[in-house]
Amino acid sequence: MKNKNSEASEVVILECCWIVEFRSKTDVSIVLKFQSGEPDLYLEAASKPDCQSWVVALGEANSEGLQNKIQQLRRLIMEIREERSSDEARQFLPSSQVDSLGEPQFTSIQRIANEPKLEFSLACKDLVAATRDRKLNTFIQVSVVHPAEHILTRYSSTEIVEGTRDPLFLTGVTFPPEYPIYEETKIKLAVYDVKDKSQDTVRTSVLPDHKEPRADVGRSFLGCTTFRVGDLVKSKEQQLTLTLRTSDGGRTVGTIEVNLVKMGELEGGETDHITTDAQDQKCALVRECTASEGISGKDNLPSLNAVLKNPINKLYRFPTSDNKWMRIREQMAETTLSFHVPKELINLHIKEDMRRNQELKDLGELAPHWDNMRKSVIAHCDQMLSMYQDTLAELGKHTGSSFKSSCSKGEKTLEFIPINLHLQRMHVHSPRLKDALYDVITVGAPAAHFQGFKNGGLRKLLSKFEAERRNTGYQCIYYSPENTAKAKEVLSNINHLQPLISSHADLLLNSASQRSPDSLKNSLKMLSEKTELFVHAFKDQLVRSALLALYTARPGCVLKKPAVPRNNAEEEGDLQHQGHPSQIKRQDSIPHHSEYDEEEWDRVWANVGKSLNCVIAMVDRLLEKDISNVKEGENDPSAADCKVLHAGGDWYEQLYPLVITLKDCMGEVVTRAKQSMAFVLLQELACGLPQCLMLTLRRDIVFSQALAGLVCGFIIKLHTSLHDQGFLQQLHTVGLLVQYEGLLSTYSEEAGMLEDMAVGISDLQKVMFKVIEAKSEDFLPIITGRREHYIIEVQLPAKMFELLPQEIKEGKLIRMYPVLFNVGINEQQTLAERFGDTSLQENINQENLELLKEYYKLFTEKMPRDCLPHFQEQNDLKGLLENLHQNIQAKKRKNVEIMWLAATICRKLNGVRFTCCKSAKDRTSMSVTLEQCSILRDEHQLHKDFFIRALDCMRREGCRIENVLKNVKCRKYAFNMIQLMAFPKYYRPPEGTYGKADT
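The structure displayed is predicted, hence computed values, not measured ones. (Residues numbered from 1 in each chain as written. Predicted model: local features only at pLDDT ≥ 70, side-chain atom pairs only at ≥ 80, totals over all residues. Heavy atoms only, no water.)

Below, the discussion takes up the confidence of the model for the protein. When the pLDDT values of the protein are averaged, the result is 82; 80% of them are 70 or greater. The low-confidence segment residues 82–103 (pLDDT under 50) makes 49 contacts with residues lying over four places distant or belonging to another chain. (pLDDT = per-residue confidence, 0-100. Contact = heavy atoms within 4.5 Å.)

Here you go:
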């Protein structure tokens, strides 16, 4: 203290004191009172404002106030330095990379392989509101401070709990295995009070430049606290009770409880491992659950990690009807197959088209009309081939994320890639039930978005094209789609069998030169089997009629016998003379200098079989002589040795000319058959240029998207069911049911998408799977085949491969049974139902119901009785199928019961579930979250009062809102209020999670 214009006269230490301010408007005095008992200090200011400023200055001058100020400034600095928002929190460095940066080593958290590093649940108590009568609507924002970086990163949030000061949050916090979290890592928990959920912009949008939004927009800050991960992990009861304080660290506003969560651990501390009951194992009809090895086994990791990438995990706890807690881990992962499968497929298309173009060039000399047609077809085909090659080259340049966002669905270079393909998984741990997995593959409807839907989709375009092609007989010869497919099959068989037969023939000669009877028998057996398949491939009237058609297309021809059109179904491809005979007989200007013998093909074709019989007869004679020589050798060894030396040369010399004759006969058959089948393909292409090639391209695009999803679904299903012997038997005995749930409307462009999708899914019937043992660390599937028939080879590590039945290990092909059920639910479907046409949806559902019934019939017929479900479950399935039939027939508007029934039947039949809408983002999210909560209610006793709250949790804070963020960089479902009025009740998102968004 000092007098004006003088030295300091007294020093006052402002510790352990408090200020008494006189409340009078005119009083400008304050009194300092000391805890030590020293005399009070009376101070007087010049004015009331000066007095108030002194009160503030003196209050902050003590060391406690300064410490609070320092802490507050530190928090503000960390908030300002917050450089990553919650969406970027997923793009972290793997732990190994963090360790390699030269930073101090931190203490890792012990965990089970492939399990999250850390999971915990949250609850608050005795929260203090700003006003006494305010009902709090609170949520917790979770942030992470890495011990080396000292940067605060927003990580996740809980749901909003309304109207209580003691909120118990159902949404937990989970850190995936790759996240760099250590015992030294700090977690900050900030509690907010939401004033208006519709204005809750903090949690429903991406913040520009990663800045904190204004505190007064939609929410207000209550308090925060921080804890070390090591303190939670090492705590005796694995629980922390922390005090919530205001931002200046002064006032207490409540407490927060943090509970460590371990999936599979019961209340009593015991671990409930995921097991499968022996009786259930016999039954192929069980809900989708797996053995413990199927969920966390180390053997699965390499092959699964090759397929699944960038997982996002969410944790929930929900009460059951008997007031116990169930724990749910929700997972979403993208897949490398989104790009791998299309690239493999395009590569196959290129090879197939190059072979076809060469076969067209090898047709030989043609009359001018047909030769010009061939030149035109080859020119168009070369253009399409170049386009496929360019697309493959562009995809080869792609790096980064392994999924295609909904915003990219119209990009030409990505048109073969499925839209937003993800695995959506729910892992449920119930107190008294076995743990279970429920998987759904979510993907945008397979459709050619870049090509557009102005003229409809594949279903309409193919039908229209086929009708038009029938009326082009004056230009070319009409062959039915069945005969065209048969021609492609014959060509494929030729390309596959000819080198095999040639190889086995060489092995036969090699065995003869070595004079090895056993080897000779085996080689002959293989040669006979392949040759018989070869001969059988040409046992079709199509080859004969195509040869005749090709003959008439040569520069000069005359028929020895007039060609008579046949009505036989097998001979639909014969020349249609009645319509345009002058075109078929060729132009009069061409000289008729040769004759065609229709019986010549029969002779050429039969020569292959005769040549094979000669080889078989010769081998039999040689083996008989060998046996007789052995017997003679027992009596006269020296004479037998001479005969053996002579016979060794005789075997090769006697077989060689017969084998060469067989090869020559086969070569002549191959030449003629290839040319005739290539001529059939020439007609198919010539009749519809360029529409034919454009439709092929569109179909390839749609099929590529559908196949990528199917391969992903099959691999995931196989991995999670390796210990279910009933399912594995069902797989090779009956095949796999693949059920698609469509949410597209039948109005405007979405009707065209649905038409594309229906054809693409139907084409999956051409796909068969084969499981092989991996010979390297590359576990990605191998695709072989052609457009009409593909084989997907799925590779498994040796330990997993040994778990398979012998039939699958021996290479038995596994059939697919795809079915599609569609119910439009948006406002466009309302327009279609009232003013448009819904027949497309009705026809698709009816057709696929018949396919589903056919699969169930095969299942009951082929599966052994001890693997069939007990009587009650059989009746349940029959009842579900009948109920589905009635709902489809009812033609009720937006009848979502159809989708629920179809999904339930699929799960009961061990099928793979797919859910699709235009981009697999908004409507798909509503559907999969509803399905998950319905399963929890029906199968795991979710408390009925918590059904809606659980649904809102998953939609507001679950994996699907993260999916929206991945696609459009915004945490909002692309709905508006008017649209949602047209949605069925349970397909509407919670308030504050939807709005205008670029989709």
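After presenting the structure, the write-up continues.
What follows concerns the pairing of strand E20 (residues 789–796). Among the eight residues in E20, seven count as buried, and that is most of the element. Pairing analysis gives seven bridges linking strand E18 (residues 767–773) to E20, with the strands arranged parallel. The residue of E20 that forms the bridge with Glu773 is Leu796. Here strand E19 (residues 782–786) runs beside E20; their pairing, made up of five bridges, is antiparallel. Bridge pairing in E20 links Ile782 to Glu793. Here E19 hands over to E20 after two residues, the two strands then running antiparallel side by side. (Buried < 20%, exposed > 50% of the residue type's maximum accessible area, 1.4 Å probe, protein only. Helix = DSSP H or I, 4+ residues; strand = E, 2+ residues; numbered from the N terminus. Pairing = 2+ DSSP bridges.)

Where nonpolar side chains cluster on the molecular surface, the patch consists of Tyr747, Leu831 and Phe835 and spans about 320 Å² of accessible area. Note on Tyr747: relative accessible area 35%, which makes it partly exposed. (Patch = residues over 30% accessible without salt bridge, like charges linked within 9 Å, V, L, I, M, F, W, Y side chains within 5 Å. Areas by Shrake-Rupley, 256 points an atom, 1.4 Å probe, with all protein chains shown as cover. Salt bridge = Lys/Arg side-chain N within 4 Å of Asp/Glu carboxyl O.)

Turning our eyes to something else, we now look at the side chain of Thr531. Position of Thr531 relative to the elements: it lies in helix H13 (residues 517–537). According to the relative accessible area criterion, Thr531 is buried, its value standing at 1%. Ignoring anything within four residues of it in the chain, the contact list for Thr531 reads Ile501, Val608, Leu612 and Leu662.

Let's shift gears to the nonpolar core. Ranked by size, the top nonpolar core spans 84 residues in total, and within it Trp370, Phe534, Phe538, Leu655, Met677 and Phe679 carry the most contacts. With residues near it in sequence (within four places) discarded, Met677 still touches Ala487, Val490, Leu491, Leu542, Val543 and Ala546. Counting residues in hydrophobic clusters, the runner-up holds 60 residues, among them Leu337, Leu728, Leu754 and Met757. (Core = buried A, V, L, I, M, F, W, Y, C linked by side-chain atoms within 4.5 Å.)

Inspection of every chain in the model, using the stated rule, returns 18 aromatic pairs. Between Tyr740 and Phe914, the ring centres sit 4.3 Å apart and the planes meet at 20 degrees, which makes this aromatic pair stacked. Placement of the pair is Tyr740 in strand E17 (residues 736–742) and Phe914 in strand E22 (residues 912–916), with a sequence separation of 174 residues. By relative accessible area, which is 1% here, Tyr740 ends up buried. Taking relative accessible area as the criterion, Phe914 reaches 1% and is therefore assigned buried. Plain terms: the ring middles of Phe975 and Phe983 are 5.0 Å apart, the flat faces sit at 65 degrees to each other, and that makes the pair edge-to-face. Each of the two residues, Phe975 as well as Phe983, counts as buried. (Phe/Tyr/Trp six-rings, centres within 6.5 Å; stacked < 30°, edge-to-face > 60°.)

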